[in-house]
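Residue-level structural notes
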Amino acid sequence: MLVRLDTAGQPELQYLPGDHLGVFPANRPELVQELLERVEDPLPADEPVLVEVLEKDSSGRFPGHKSSWVPQSRLPPCTLHQALTFFLDITAPPSPQFLQLLAALAQEPADRERLQQLSQDARLYEDWKWFRCPTLLEVLEEFPSVALPAPLLLTQLPLLQPRYYSISSAPGPCPGQIHLTVAVVTYHSENGQGPLHHGVCSTWLARLQPGDTVPAFIRGAPSFRLPPAADAPCILVGPGTGVAPFRSFWQQRLHELQGGGGPLGTMVLVFGCRSSALDHIYRQEMEEARERGALSQVLTAFSREPDTPKAYVQDVLRTQLAEEVHRVLCQCAGHMYVCGDVTMATEVLQTVQHILVQQAGMTLGQAGDFISELRDKNRYHEDIFGLTFRTQEVAFRIRSQSFSMQERRPPRPAP
Ligand code: FAD
């Protein structure tokens, strides 16, 4: 979906094409309500609480007192309802440490034993976590004898993290606005047989009403900007929501063309989606951008088009753009941009490597080194949407990336 945010009068939300917006979401009210019903000693709904921790006093400031209550700054004073809605992560699978705490609160020996096992056996925990992806509420359903005190939630649940979105608008043609292209995440856990899960932020964005407030901040992505030389040719690869930052690129170029700028280098967009029936969100805009010279060519790969072999963006690169990839990267000092999930980005990179072998006569090793150099020179850009389900692959990949990001992140405003 396309989300349009009104940012007029918010000077701190200035950005450039390629930057990200960090969004602080809220948890689903139904989930919060169900969790509140499970709390054994619910605090009065409208009474703000301040969490204090009893700490040993080693300073000697309070003679006669061995310990004192110290306010915990992790949460602002707020009601339990607000804490569970805005500040605490209630959907990510609980950590082994949290399960250990739940074990201590279980009244049934069987629950206690299983929770202890899960918290101590890393392999068992991983398998359980990846199969069930349980929210806190689902864990409590699995272990019904666990008593749930409010202070445990307030002090032990991890904080709800912001989600990042590649900005899908350009500041020139869209002053006072930020657009996002968001896929609404829903899935059934347990290999598709378990309960329906809703992504926190994408679901929250999907349910917003005009006039609602979105706590957000800009995160600069200096390594994913348009080329400094406007006449440098570019290839953009973005399947699905990977198209998000490229909309800001073509909007920016249209704006420049309208202002009499140019000449602009060629810009080929390789987009991907399941079928032509679903290819509607920016189809018209892309066509317009092409007709007006902001894009030179738009190629689309359909992965589930009826009666047609599956095609992915890397297939389009290999079968239709091999010469262009060679021309842009080896002959014209051009740029390549790849945006989307880590698996796709890896496959695109391997495809480009093979194209260089075939077109430029390099060995695989030389082609790999060449792409690394392009990265170092900021000519091969990746905007990776992050985590697939097993994090190891991603951690490895992110370590080997040369992309860097600068963070400008203010504290989260109080609700
Ligand atoms: P969450 O509540 O965070 O749930 C997502 C989690 O659910 C996944 O991490 C996974 O653990 C689990 N999950 C999801 N599907 C399944 C499944 N089938 N089986 C088992 N578990 C599953 N997203 C966009 O839509 N548009 C963008 O432009 C965009 N840009 C991004 C840019 C960057 C730099 C990064 C890091 C991410 C970007 N994302 C973008 C992704 C976005 O930040 C969120 O991760 C996404 O919207 C999901 O967040 P959520 O809160 O809705 O889901």
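**Here's the deal with the sheet that holds strand β2 (residues 20–23)**
Across a sheet, paired strands are connected by hydrogen bonds in the backbone, their directions being either parallel or antiparallel. If you walk across this open sheet you meet the three strands as β5-β2-β9, and the pairing is antiparallel. In the strand order of this sheet, the two ends are held by β5 (163–166) and β9 (216–219), each with one partner. Adjacent strand axes in the sheet meet at a mean angle of 30 degrees when their direction is disregarded. Direction of pairing for β2 relative to β9: antiparallel, over a ladder of four bridges. In the sheet register, Val 23 faces β9, and the bridge partner there is Ala 216. Sheet contacts for helix α8 (residues 200–207): β2 and β5; angle to β5, the most-contacted strand, approximately 65 degrees.

**Remarks on the nonpolar core**
By size, the foremost hydrophobic cluster in this structure holds 36 residues, and its most contacted members are Leu 84 and Leu 102. Of all the elements in the fold, those that place two or more residues in this core are α1 (29–38), α2 (80–87), α3 (96–105), α4 (109–120), α5 (122–132), α6 (136–142) and α7 (150–156). Formed by 31 residues, the second largest nonpolar core is a distinct cluster that contains Ile 235, Leu 349, Ala 367 and Ile 371.

**A word on the confidence of the model for the chain**
The predicted model of the chain has a mean per-residue pLDDT of 91, with 92% of residues at 70 or higher. Within the model, the stretch residues 388–415 combines pLDDT values under 50 with 58 contacts to residues more than four positions away or in other chains.

**Here's the deal with the site of the ligand**
As a structural note, the neighbourhood of the ligand is formed by 22 residues, with Tyr 164, Tyr 165, Thr 181, Cys 201 and Ser 202 the closest of them. Here Tyr 165 contributes a side-chain N or O atom positioned 2.7 Å from an oxygen atom of the ligand. Computed on the free molecule, the ligand has an accessible area of 990 Å², of which 76% lies beneath the protein chains in the complex. Contributing elements (two or more residues each) for the shell around the ligand: β5, α8 and β14 (380–384). Examining the composition of the shell around the ligand, we find that four residues originate from one element, β5, more than from any other. Looking at the shell around the ligand, its residues break down into 13 nonpolar, six polar and three charged.

**Considering the side chain of Thr 135**
Looking at the secondary structure, you find Thr 135 in the loop between α5 and α6. With a relative accessible area of 8%, Thr 135 lands in the buried category. If we ignore the near neighbours within four places in the chain, the residues touching Thr 135 are Ile 90, Thr 91 and His 197.

**Quick word on the packing of aromatic side chains**
Per the stated rule, a full pass over the model turns up ten aromatic pairs. Measuring from centroid to centroid gives 5.7 Å for Phe 24 and Phe 217, while their planes differ by 50 degrees, and the two rings are tilted. One end of the pair, Phe 24, is in the loop between β2 and α1; the other, Phe 217, is in strand β9, with 193 residues separating them in the sequence. Exposure class is identical for Phe 24 and Phe 217. Each is buried. Measuring from ring centre to ring centre gives 5.9 Å for Tyr 125 and Trp 128, while their planes differ by 40 degrees; the resulting arrangement is tilted. Here the residue Tyr 125 and the residue Trp 128 both occupy positions in helix α5, the gap between them amounting to three residues, near one helical turn. One exposure class covers both Tyr 125 and Trp 128, and it is buried. Through successive ring pairs, a cluster of aromatic residues spans Phe 224, Phe 246, Phe 249 and Tyr 337. The ring of Tyr 164 carries Arg 219 above its face, with NZ or CZ at 3.6 Å from the centroid.

**Focus: helix α9 (residues 244–258)**
Between its first and last C-alpha atoms α9 spans 22 Å; for 15 residues at 1.5 Å apiece the expected length is 21 Å, and the two agree. Across the 15 residues of α9, eleven count as buried, placing the element largely inside the fold. Considered for burial, the residues of α9 that qualify are Ala 244, Pro 245, Phe 246, Arg 247, Ser 248, Phe 249, Trp 250, Gln 251, Gln 252, Arg 253 and Leu 254. One or two steps after α9, the chain reaches Gly 260, where phi turns positive at roughly 85 degrees.

**Concerning the environment of Met 336**
For Met 336, the location among the structural elements is in strand β13 (residues 335–340). Under the relative-accessibility criterion, Met 336 is labelled buried at 0%. Linking Met 336 and Pro 227, residues 109 residues apart in sequence, is a C-alpha distance of 9.9 Å. Not counting residues within four places of it along the chain, the set of residues in contact with Met 336 comprises Ile 235, Val 237, Leu 317, Leu 329, Val 348, Val 352, Arg 379, Tyr 380 and His 381.

**Considering the sheet that holds β14**
If you walk across this open sheet you meet the five strands as β12-β11-β10-β13-β14, and the pairing is parallel. At either end of the open sheet lies a strand with only one pairing partner, and these are β12 (297–302) and β14. Neighbouring strand axes in the sheet, compared pairwise and without regard to direction, differ in orientation by 10 degrees on average. Relative to β12, strand β11 (residues 267–273) runs parallel, the two being bridged by six bridges. Along β12, the bridge assignment pairs Gly 272 with Ala 301. Against the sheet, α9 makes contact with β10 (234–239), β11, β13 and β14, and its axis sits at roughly 135 degrees relative to β13, the strand it touches most. Strands β10, β13 and β14 of the sheet are contacted by helix α13 (residues 342–360), whose axis makes an angle of about 150 degrees with β13.

**Let's talk about the packing of α3 against α4**
Running from amino to carboxyl end, α3 crosses α4 at an angle of 160 degrees, the nearest separation of the two axes being 8 Å. Judged by the angle between their axes, α3 and α4 are roughly antiparallel. Our pair here, α3 against α4, has a crossing hand that is left-handed. Of α4, the residues touching α3 (which contributes Pro 96, Leu 99, Gln 100, Leu 102 and Ala 103) are Arg 112, Leu 115, Gln 116, Leu 118, Ser 119 and Gln 120. Taken together, the residues that form the contact of α3 with α4 break down as six nonpolar, four polar and one charged.

So, how was this worked out
- Residues numbered from 1 in each chain as written.
- Predicted model: local features only at pLDDT ≥ 70, side-chain atom pairs only at ≥ 80, totals over all residues.
- Heavy atoms only, no water.
- Pairing = 2+ DSSP bridges.
- Helix = DSSP H or I, 4+ residues; strand = E, 2+ residues; numbered from the N terminus.
- Axes fitted to C-alpha atoms, helices over the stretch in contact; angles between N-to-C directions.
- Contact = heavy atoms within 4.5 Å.
- Core = buried A, V, L, I, M, F, W, Y, C linked by side-chain atoms within 4.5 Å.
- Buried < 20%, exposed > 50% of the residue type's maximum accessible area, 1.4 Å probe, protein only.
- pLDDT = per-residue confidence, 0-100.
- Near = heavy atom within 4 Å.
- Polar contact = N/O pair within 3.5 Å; in protein donor to acceptor, adjacent residues only side chain to side chain.
- Areas by Shrake-Rupley, 256 points an atom, 1.4 Å probe, with all protein chains shown as cover.
- Nonpolar A, V, L, I, M, F, W, Y, C, P; charged D, E, K, R; others polar.
- Phe/Tyr/Trp six-rings, centres within 6.5 Å; stacked < 30°, edge-to-face > 60°.
- Lys NZ or Arg CZ within 6 Å of the ring centre and 35° of its normal.
- Expected span 1.5 Å × (residues − 1).
- Parallel < 35°, antiparallel > 145°, perpendicular 65-115°, else oblique.
- Left-handed = near helix turned anticlockwise from the far one by under 90°.

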